Amino acid sequence: MPVMNMVQALNNALDEKLGADPDVLIFGEDVGYFGGVFRVTDGLQAKHGLTRCFDTPIAEGGIIATAIGMGAYGLRPVVEIQFADYILPAFDQLVSEAARLRYRSNGEFWAPLTVRTPYGGGIFGGQTHSQSPEAIFTHVVGLKTVVPSNPYDAKGLLIAAIEDDDPVIILEPKRIYNGPFDGHHDRPLKTWAGHPMAEVPEGLYRVPLGKAAVVREGRDVTVLAYGTMVHVALAGIEEAGVDAELLDLRSLVPLDIDAIVASVRKTGRCVVLHEASRFGGFGGELLALVQERCFDHLKAPIDRVAGWDTPYPHAFEWDYFPGPARLMAALRRVMEY
Amino acid sequence: MDNQPRLTLHIPEPPARPGDHPDFGGMKLPKAGETMRPDVDAAEPTMRDMPFGMIRVLDDGHRAVGPWDPHLDVDVLHRGLRAMMLTRAFDDRLFRAHRQGKTSFYMKSTGEEAIAVAQSLMLGARDMCFPTYRVVGWLMARNYPLLDLVNQIFSNAGDPLRGRQLPILYSARDYGFYSISGNLGSRFGHAVGWAMASAYKGDDRIALAYVGEGTTAEGGFHEAITFASVYRAPVILCVTNNQWAISSFSGIAGANETTFAAKALAYGIPGLRVDGNDFLAVWAATQWAAQRARLNLGATLIELFTYRAAGHSTADDPAKYRPADEARQWPLGDPIDRLRDHLIALGEWDEERHAALQSALDEEVRAAVRAGEAIGTLGKSKPDLASMFEDVFKDPDWRVLEQRREMGV
């Protein structure tokens, strides 16, 4: 079985879908001849032709609007927004149009588009290339939001997203795009990404939207994470020496509430870890859900570890997002409560 | 600095406000038949004066003249007249229904009926219109059931959109009518994407989209035209310049500086300016643009020059911001009167038949409204409450299922 990093796995998923379904086409800024600034669409135009994978004007709203129209016609467009930070000019199209088309037309029209976008920090991208905007999507009724944490899931989730009849946003954690990331401000240089390269099967397979993965079984505390933070969580759990259960949510909407509830009822403790800033973040929703459904089983208050509530700072990037040390502190807090 | 004039901020104002005499003196209108008609496959650089002319066919004597005369069958003219009259009868009746508290909102297309009706009749059944809220004439021309429109406006148990949309934000896929949303210009790009998809699939269907002149300031307008130009999308992009965006006159959207059709110049696509109150001119320009689209020659921008004779919606009073009789002074007249007079000039119509048709259409509308009222007006009857939770996604997720149970439906 071939071994791939996440970029290669995503490229492979697109390649397979282009080959299997003539209604799939790909467009976005620089995705055609050049193959994308992160190389996710590398070689696809040359292999499948100009009309299957092509460049667009620099107009994110136009990209999403065009994809919605194509979806309404009956195609399955897959678009790339070059950085998640650039998605805001397209926000109205996502919120007011893609998310509501099926509802407001009583099912006459729908928008089966897939929006791929690299997100998150750790590559010295500054404020406009580093943000984690998942919460602004998960709050929008009618959008689905998924976040892979390893190459296998990235391919399977992308294929499932393309085949889904609703608009799906895939946030691709660019910090683990190409393999292991190294070092952190609060630790000596070390490789944390447990599975930067992975065996990725050939052919079409799906990781279903709405199913979490148990990355590590444990009895004492449940850690909820997604994307890059799954790897930070693994490192933090190992270094803290607690018997924690780690859930990789993989899909924020639809959310695998059953897996979360089952785990927290088993462990009685819960820590949420995400890279996005804390206030109003998706972690708040997770805390509320756990509190609503597991209160009688909780042995300690639910805790959360997240990015700070500041704009994303260039020089302080690695002070900004959570590392294993902050998770370890939280794990100790809930264990010692 | 000493020898320089002080800077001044310019705020455009319309030539007349309430209490003034309507003033259309600054308007330059070419005569009917005067504006050239390029060959359908002519190169765009050869027609760059088109945005500053105006395609007009009906002259002051109600005759069809000039190179843009589409030579329509009398039958088509009769169908057009009927649909326009039905649109107005419907508007008048449903506007009154709003005043009687039977619905929350209504918007009339009075004065603009020729646009939607001519374009609806001209385009094919498999083409797709990406409408605004002022083109119900599209549906009238295609015999969409009046009762369904009434039910949508009343949000009652028979509402085809099950109470999810403001009155008149229709969706009618089978009639080539895309779902309307309240965000202006947001669907312009959908039309371009839909047209690109048709081209990608080697289909023969084209798209037509509308925005108002005020919406040409939205980013979505420019993004859509950029995409349409770059990919030569088979789409007809229409700007309905009805002179007023709620209370803001067209100068606020840039009309004092250039025409809206001239927006096409920067994108390298043809820009046509059309007398929007002339059924024949609208037809001819649309036909020209449709032929170009079907020949893989790409998009056309059409400015439909008209006048919004009624208020923006039931929520505003136009007499508060413009002369009360401005609509009657509009130099391009009334679209229904002009087509009626043309048919009369052809010897194919008369006042008596016109009055009889008017009565018949009024009765048709009254019957539809009565039928809708029997189902229920706003708040008196509702779609099944459980349907509120459907169509959020193709298949509901646990949130929707749980909350539906929580509500007890």
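Here the structure is a predicted model, which means the values were calculated and not measured.

(A) Summary view of the overall build of chain A. The secondary structure content of chain A amounts to 12 helices and 16 strands. For chain A, whose C-alpha radius of gyration is 19 Å, the value lies close to the compact-globule estimate of 20 Å for 337 residues. C-alpha extents for chain A along the principal axes are approximately 60 × 45 × 40 Å. Put simply, chain A has 337 residues, and 66% of those count as buried. Look at the contacts in chain A between residues 6 or more apart in sequence, and 78% of them connect residues 24 or more apart. Counting only carbon and sulfur atoms, one obtains 54% of the accessible surface of chain A, whose full area is about 11600 Å². The averaged location of the 43 negative side-chain charges in chain A is 5 Å from the averaged location of its 30 positive side-chain charges.

(B) Broad picture of the packing of aromatic side chains. Summed over all chains, the structure comprises 23 aromatic pairs over all chains. With 4.5 Å between their ring centres and 25° between their planes, Tyr152(A) and Tyr205(A) make a pair best called stacked. Of this pair, Tyr152(A) sits in helix H7 (residues 151-163) while Tyr205(A) sits in the loop between strand E10 (198-199) and strand E11 (213-216), and the two are 53 residues apart along the sequence. For Tyr205(A), a relative accessible area of 10% translates into the label buried. Through a chain of ring-to-ring contacts, three or more aromatic side chains come together here, namely Tyr73(A), Phe109(A), Phe130(B), Tyr178(B) and Trp194(B). Over the ring of Phe95(B) we find Lys108(B); its NZ or CZ atom is 4.7 Å from the centre of that ring. Residue placement shows Arg164(B) over the ring face of Tyr103(A); its charged tip is 4.2 Å from the ring centre.

(C) Inspection of the UniProt feature "domain: Dehydrogenase E1 component" (unreviewed entry) in chain B at higher detail. Here the UniProt feature "domain: Dehydrogenase E1 component" (unreviewed entry) sits at residues 82-374 of chain B. The span residues 82-374 of chain B carries 42% helix and 11% strand; its end-to-end C-alpha distance comes to 26 Å.

(D) Inspection of the UniProt feature "domain: 2-oxoisovalerate dehydrogenase E1 alpha subunit N-terminal" (unreviewed entry) in chain B at higher detail. With numbering matched to this structure, UniProt assigns "domain: 2-oxoisovalerate dehydrogenase E1 alpha subunit N-terminal" (unreviewed entry) to residues 5-43 of chain B. For residues 5-43 of chain B, the end-to-end C-alpha separation is 45 Å, with 0% helix and 0% strand making up the annotated structure.

(E) Focus on the side chain of His274(A). All names here are of chain A. Its place among the elements puts histidine 274 in strand E15 (residues 270-277). From its side chain, histidine 274 meets the backbone oxygen of alanine 276 in a polar contact 3.0 Å long. The contact partners of histidine 274, leaving out residues within four places of it in the chain, are Glu134, Tyr226, Met229, Gly281, Phe282, Gly283, Val305, Ala306, Gly307 and Pro322.

(F) Summary view of the layout of surface pockets. Within this model, the largest pocket holds a volume of roughly 680 Å³. Forming the walls of the largest pocket are 27 residues, and the residues nearest its centre are Gly26(B), Met27(B), Ala255(B), Asn256(B) and Phe305(B). In terms of residue class, the lining of the largest pocket is built from 12 nonpolar, eight polar and seven charged. By volume, the second largest pocket is sized at about 560 Å³. Along its surface, the second largest pocket is lined by 26 residues, and Thr138(A), Val141(A), Glu285(A), Arg399(B) and Gln403(B) are the ones closest to its centre. Of all elements in the fold, only helix H6 (134-138), strand E14 (251-253) and helix H10 (282-294) of chain A together with helix H11 (398-407) of chain B reach the threshold of two or more residues within the lining of the second largest pocket. Split by residue class, the lining of the second largest pocket holds 14 nonpolar, five polar and seven charged.

(G) Structural context of helix H9 (residues 335-345) of chain B. All names here are of chain B. The element H9 is extensively covered by neighbouring structure, given that eight of its 11 residues are classed as buried. What H9 keeps buried is the set Pro335, Ile336, Arg338, Leu339, Arg340, Asp341, His342 and Leu343. Regarding H9, its N-cap is aspartate 334, as a side-chain oxygen of that residue lies 2.9 Å from the backbone nitrogen of isoleucine 336 further along. Where H9 terminates, the next one or two residues include glycine 347, which has phi positive at roughly 80°.

(H) Quick look at the packing of helix H8 (residues 229-240) of chain A against helix H12 (residues 324-336) of chain A. All names here are of chain A. It is at 8 Å that the axes of H8 and H12 come closest, and there the two elements cross at 55°. Comparing the axis directions of H8 and H12 gives the class oblique. Considering the relative orientation of H8 and H12, their crossing is right-handed. Side by side, H8 and H12 meet where Val232, Ala233, Ala235, Gly236, Ile237, Glu239 and Ala240 of the first sit next to Pro324, Leu327, Met328 and Leu331 of the second. Considering only residue class, the contact of H8 with H12 consists of nine nonpolar, one polar and one charged.

(I) Region of interest: the interface of chain A and chain B. At the interface, 51 residues of chain A touch 43 residues of chain B. Summed over both partners, the interface of chain A with chain B comes to about 3800 Å²; 58% of that surface belongs to carbon and sulfur atoms. Among the residues of chain A in contact with chain B, Tyr73(A), Tyr103(A) and Arg104(A) are the three that bury the most area, contributing 22% of the side total. Scanning the region where chain A abuts chain B turns up three salt bridges. In this structure, Glu402(B) engages Arg293(A) in a salt bridge whose closest nitrogen and oxygen atoms are separated by 2.6 Å. Inspection of the region where chain A meets chain B yields 28 residue pairs in polar contact (both at pLDDT 80 or more). Breaking the side of chain A that touches chain B down by element, the ones donating at least two residues are strand E2 (24-28), strand E3 (53-55), helix H3 (60-73), helix H4 (91-98), helix H5 (101-104) and H10 of chain A. Here the side of chain A that touches chain B gets 11 residues from one element, more than from any other, and that element is H3(A). Within the side of chain A that touches chain B, the residues separate by chemical class into 25 nonpolar, 13 polar and 13 charged.

(J) Fine view of the pattern of salt bridges. Under the defined criterion, the tally for this structure stands at 45 salt bridges over all chains. Its salt-bridge partner being Arg104(A), residue Glu97(A) comes within 2.9 Å of it at the nearest N-O pair. The salt bridge involving Arg88(B) is made with Glu113(B); its shortest N-O contact spans 2.8 Å. Separated by 25 residues along the polypeptide, Arg88(B) in helix H1 (residues 74-99) and Glu113(B) in helix H2 (residues 113-122) bring together distant segments of the chain. The buried category is assigned to Arg88(B), whose relative accessible area is 17%. Through salt bridges that share partners, Arg102(A), Lys144(A), Asp164(A) and Asp166(A) make up one connected network.

(K) Quick peek at the sheet that holds strand E1 (residues 128-130) of chain B. Residue and element names in this part refer to chain B. Here we have five strands laid out as an open sheet, ordered E1-E2-E3-E7-E6, and parallel in their pairing. Each of the sheet's edge strands pairs with one partner strand only, and the pair in question is E1 and strand E6 (271-275). Sheet twist, expressed as the average angle between the axes of neighbouring strands with direction ignored, equals 20°. Sheet strands in contact with H2 are strand E2 (207-212), strand E3 (235-241) and strand E7 (300-305), and its direction is about 170° off that of E2.

Definitions and cut-offs
Residues numbered from 1 in each chain as written. Chains lettered and ligands numbered in written order. Predicted model: local features only at pLDDT ≥ 70, side-chain atom pairs only at ≥ 80, totals over all residues. Heavy atoms only, no water. Helix = DSSP H or I, 4+ residues; strand = E, 2+ residues; numbered from the N terminus. Rg over C-alpha atoms; globule rule 2.2 N^0.38 Å. Buried < 20%, exposed > 50% of the residue type's maximum accessible area, 1.4 Å probe, protein only. Contact = heavy atoms within 4.5 Å. Areas by Shrake-Rupley, 256 points an atom, 1.4 Å probe, with all protein chains shown as cover. Lys, Arg positive; Asp, Glu negative; His and termini not counted. Charge placed at Lys NZ, Arg CZ, Asp CG, Glu CD. Phe/Tyr/Trp six-rings, centres within 6.5 Å; stacked < 30°, edge-to-face > 60°. Lys NZ or Arg CZ within 6 Å of the ring centre and 35° of its normal. UniProt positions renumbered as here; feature names shortened; annotations may be inferred. Polar contact = N/O pair within 3.5 Å; in protein donor to acceptor, adjacent residues only side chain to side chain. 1 Å grid on protein atoms, 1.4 Å probe; cavity = no way out; pocket = protein on both sides within 12 Å on 5 of 7 lines; lining within 4 Å. Points joined across faces, edges and corners; volume = space filled by probe spheres on them. Nonpolar A, V, L, I, M, F, W, Y, C, P; charged D, E, K, R; others polar. Axes fitted to C-alpha atoms, helices over the stretch in contact; angles between N-to-C directions. Parallel < 35°, antiparallel > 145°, perpendicular 65-115°, else oblique. Left-handed = near helix turned anticlockwise from the far one by under 90°. Buried area = accessible area lost by both parts, 1.4 Å probe. Salt bridge = Lys/Arg side-chain N within 4 Å of Asp/Glu carboxyl O. Pairing = 2+ DSSP bridges.

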